[in-house]
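# Chains, contacts and geometry: an overview
As a plain string of letters, each chain reads:
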Amino acid sequence: ARSVVYGMTGDHVRRLRTVLSDGTPAEFGPLSAVEHQRKLEARTREGDAYRAAAGAVSDCGDEIGRRFPRILRRVSGYNLPGLL
């Protein structure tokens, strides 16, 4: 109920420091086009995550844009339009 007033987590988080499934640390946040390309080319678990997201957009972007419900709150945890 508070997200309507204060916004969703994604409206307030600028960067995430995470630990990936193989135990390596990664930081996710805004990137320039050059930085994004470097992430895509990295042969690391983090690079895998960037390639998976880019693949979802290239493979399913039209469907995501067309079929994903336009709802204010995404309580499912998936912000697929955010990938676009």
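Bear in mind the structure is a predicted one, so any value in this text is a computation, not a measurement.

What follows covers the overall build of the protein. Of the regular secondary structure elements, the protein holds five helices and two strands. When the helices and strands of the protein are listed from N to C terminus, the series reads α-α-β-β-α-α-α. Counting every position in the protein, which comprises 84 residues, the buried fraction comes to 13%. Pairs at least 24 residues apart make up 21% of the contacts formed inside the protein by residues separated by at least 6 positions.

We now examine the pattern of salt bridges. Enumeration over the complete set of coordinates arrives at seven salt bridges. With a shortest N-O distance of 3.6 Å, Arg45 and Asp48 are connected by a salt bridge. Separated by three residues within a single helix, Arg45 and Asp48 lie in helix H4 (residues 45–67), roughly one turn from each other. Several salt bridges converge on common partners, so that one network encompasses Arg15, Arg17 and Glu27.

Below, the discussion takes up the confidence of the model for the protein. Low-pLDDT portions of the prediction should not be read for the details of their coordinates. For the protein, mean pLDDT is 85; residues scoring 70 or higher make up 88% of the total. Summarising per-element confidence for the protein, the mean pLDDT is lowest in helix H5 (residues 80–83) (71) and highest in helix H3 (residues 33–41) (96).

As a further point, take the side chain of Glu46. Note that Glu46 resides in helix H4. In this view, Glu46 contacts Leu20, Ala26, Glu27, Phe28 and Lys39; residues no more than four positions away in its chain are not counted.

Cut-offs and rules
Residues numbered from 1 in each chain as written. Predicted model: local features only at pLDDT ≥ 70, side-chain atom pairs only at ≥ 80, totals over all residues. Heavy atoms only, no water. Helix = DSSP H or I, 4+ residues; strand = E, 2+ residues; numbered from the N terminus. Buried < 20%, exposed > 50% of the residue type's maximum accessible area, 1.4 Å probe, protein only. Contact = heavy atoms within 4.5 Å. Salt bridge = Lys/Arg side-chain N within 4 Å of Asp/Glu carboxyl O. pLDDT = per-residue confidence, 0-100.

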